Amino acid sequence: MRSQWLRRLALATTLGAMLPPAAAAPNEPNEPVKVLRYILPAAETSFDPAIARDLYTGHLTQAIFETLYTYDYLARPARLVPGSAAALPEVSADGKTYTIRLKKGILFTPDPAFNGKRRELTMADYVYSWKRLFDPKLSSPHSWLFEGKIVGLDKLAEQAKKSGKFDYDAAIPGFELLDPYTLRIQLTQTDFNLGMILAHEPTGALAREVVLKYGDSKGEVASNPVGTGFYKLGQWVRGNRIVLEENTDHLPETWDFQAGNDPDDQRIVRQMKGKKIPQIGRIEISVLIEDQSRWLSFQSGGTDLFWLDGPLATKAILNGKLRPELAAAGVQLSRLIDPEITYYYWNMEDPILGGFSKEKIALRRAIAMSHNIDEEIRIVWNGQAEKLQYPIPPGVVGYDPNYKSLLQYDPVLANKLLDKFGYKKGPDGWRTLPDGKPMVLHYSSRNEASGVLQAEMWRKSYTSIGIKMENDRMIFSDILKTEKQCKMQSRSSPWLADYPDGDNFMQLFYGPNSHQNNNGCYRDPQYDQWYAASQKMPAGPERDELFHKMARQLEVNAGALMGYARYRNMLAQKTVLGYKKHPILHQEWQYIDIEKAK
């Protein structure tokens, strides 16, 4: 296999050398543009950061739009650093006032929306972009980021709901523009996590002129992204190919991250220190849904940086390490447990599964106890995941490795529970509802290999307790739309940390976040009360105690079943320099380099 691999790499290099040289970058007239080839396993949804809510599109919006803050490339655990902001925020002692200063001279990429003028980024652009999250016409899934937090913002949103029009020009006390580059934010309550929220890509800056020129009837700019980030949209074939080009107008930045004791970090520093950011002038992204197609593209040298998902893991990973033949060919592996949780939810608005009556809770508990999570990890993800008991995953503030869920695998007890609460088996062997009517439950999954396998694992679980299950296979974008409407009966849903704090995971079950991130539309007054109280606390034992109560409450009501956190296995060709997978950033393109083909 090693000789085949080397021949393929040699062929790819030869073919690359036969291609005509790429156009020269304006700031390096004698050097060809460096190109990185990348794969996304699902199509982009919307280029509007106020609307996009999936990991894959997040790669793109994070590259095109700038947030005030971001994360140190090498620091572990993740450490907040300035993005477009000139420095970290000045925070009052009570955690209710943030003063933020913007770097001067940041320009939006040129666009007809600006009528031929160069347009500088100001703090007013951020305020406008954050207000968009509350525009009822746009219906952003990210309003939860600021909901109940900014003095006057919720009141403005309520007025918009009544009038049908959001007043973007209305001043609110919570956003005080001291000058074009300085903003003072007044919060309704203590919040020491606001800096991390302002590093999340939905808070990136859009220009009002761009929304007015390209926005649809809702105000969504789905197809004409104009930002200030390190990259801009070059070419786009919807659902197939995306090309990002370097934004050569970006303020000059130099690679200057510090290595700790990790020898691999020290190697990265040697490769990258002192270089201009970014080094790579063009990112060529292909959308390949099928697992084997992605693997063949990387194996043949057609992809430089590759996300090796669980179903493909055995092709490159052996006992958690890169297979020797790949390592010998120079392939690199960056591996971590994602700060994510895949959980199984039931739609609490569904007439069969939803509600808090004893028989509905018993039904959901029985389903939870019928499912063998360890088996799913082994079969669907080739062992490339860690079972989780707690709603907060490893690597996130608030994680408790010693917590044990009440919902454990026990199909015998699950069957007894259904018998007790009137879900009897009919002549055909399938259980009926307590009133004797037929019961068929639906599980939705993505229509590629891993989704099909997940559905079969759940079919086995349902069958073990005598419940007939049907699998609804859907494309990823349709799943997201249906979830937001609270119309999906059940699904295994992954959530990757927007920011590395447990609050980001506990909000998944907060009632007011229904139709946003609360996919199961779980509404429990006691849970909501505890969550609201936790928002006023800094990270620590007092808040952890509340998180534990919330987790137990969720289990008692069988509102969701915690599943697992998957390993992220990223493969890089030997020509890629300085790469290390970041636990929070979706992509690291601006921080890496690629050697020219010889």
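Cut-offs and rules
Residues numbered from 1 in each chain as written. Predicted model: local features only at pLDDT ≥ 70, side-chain atom pairs only at ≥ 80, totals over all residues. Heavy atoms only, no water. Pairing = 2+ DSSP bridges. Helix = DSSP H or I, 4+ residues; strand = E, 2+ residues; numbered from the N terminus. Core = buried A, V, L, I, M, F, W, Y, C linked by side-chain atoms within 4.5 Å. Buried < 20%, exposed > 50% of the residue type's maximum accessible area, 1.4 Å probe, protein only. Contact = heavy atoms within 4.5 Å. Salt bridge = Lys/Arg side-chain N within 4 Å of Asp/Glu carboxyl O. Arc of directions from axis to C-beta.

Colleague: For this particular structure, what's the right way to read the sheet that holds strand β9 (residues 182–186)?
Modeller: Pairing is antiparallel across the open sheet formed by 4 strands, whose spatial order is β6-β7-β9-β8. Each edge of the sheet is formed by a strand with only one pairing partner; in this case those strands are β6 (90–91) and β8 (175–179). Note that strand β7 (residues 97–101) and β9 share 5 bridges and pair antiparallel. Bridging across to β9, Thr-99 finds its partner in Arg-184.

Colleague: How do you make sense of the nonpolar core when you look at a structure like this?
Modeller: Here is a general trend for soluble globular proteins: nonpolar side chains tend to be buried in one another's company. Within the largest apolar cluster, 126 residues are counted, with the highest numbers of intra-cluster contacts made by Leu-68, Phe-146, Ile-185, Leu-244, Trp-255 and Trp-589. The residues touching Trp-255, leaving out its near neighbours within four places in the chain, are Tyr-73, Leu-74, Ile-268, Val-269, Met-272, Lys-273, Gly-274, Lys-275, Ile-277 and Tyr-591. By size, the runner-up hydrophobic cluster in this structure holds 33 residues, among which are Met-369, Leu-407, Leu-433 and Tyr-462.

Colleague: Help me understand the pattern of salt bridges in this model?
Modeller: Per the stated rule, a full pass over the model turns up 36 salt bridges. Here Glu-284 makes a salt bridge to Arg-282, at a shortest N to O gap of 3.2 Å. Like Glu-284, the residue Arg-282 is buried in the burial classification. Two residues, Arg-431 and Asp-419, come together in a salt bridge whose shortest N-O distance is 2.8 Å. Note that Arg-431 is positioned in the loop between α12 (411–420) and β21 (440–446) and Asp-419 in helix α12, a separation of 12 residues in sequence. On the basis of relative accessible area, Asp-419 is assigned to the partly exposed category, the value being 34%. In the salt-bridge network here, residues are joined through shared partners; they are Lys-34, Lys-275 and Asp-593.

Colleague: Would you explain the pairing of strand β19 (residues 340–346) in this entry?
Modeller: Here is the key point about a regular strand: its side chains alternate between the two faces of the sheet. A large share of β19 lies buried, amounting to 7 of its 7 residues. Burial along β19 is two-sided: the face carrying Glu-340, Thr-342, Tyr-344 and Trp-346 and the face carrying Ile-341, Tyr-343 and Tyr-345 are both buried. Taken together, the 4 bridges between β19 and strand β24 (residues 560–572) define a ladder with antiparallel strand orientation. Pairing of Tyr-343 across the sheet is with Met-562, part of β24.

Colleague: Whenever I open this one, helix α4 (residues 153–163) confuses me. Can you help?
Modeller: Helical geometry note: an α-helix holds 3.6 residues per turn, so side chains three or four residues apart project in the same direction. Residues Leu-153, Leu-156, Ala-157 and Ala-160 constitute the buried set of α4. Taken around the axis of α4, the buried residues stretch over an arc of 100 degrees, which confines them to a single face. Exposed and oriented more than 90 degrees from the buried face of α4 are Lys-155, Lys-161 and Lys-162. Of the surrounding elements, those touching the buried residues of α4 are α3 (123–132) and β8. Of the residues trailing α4, Gly-164 is marked for its positive phi of about 85 degrees.

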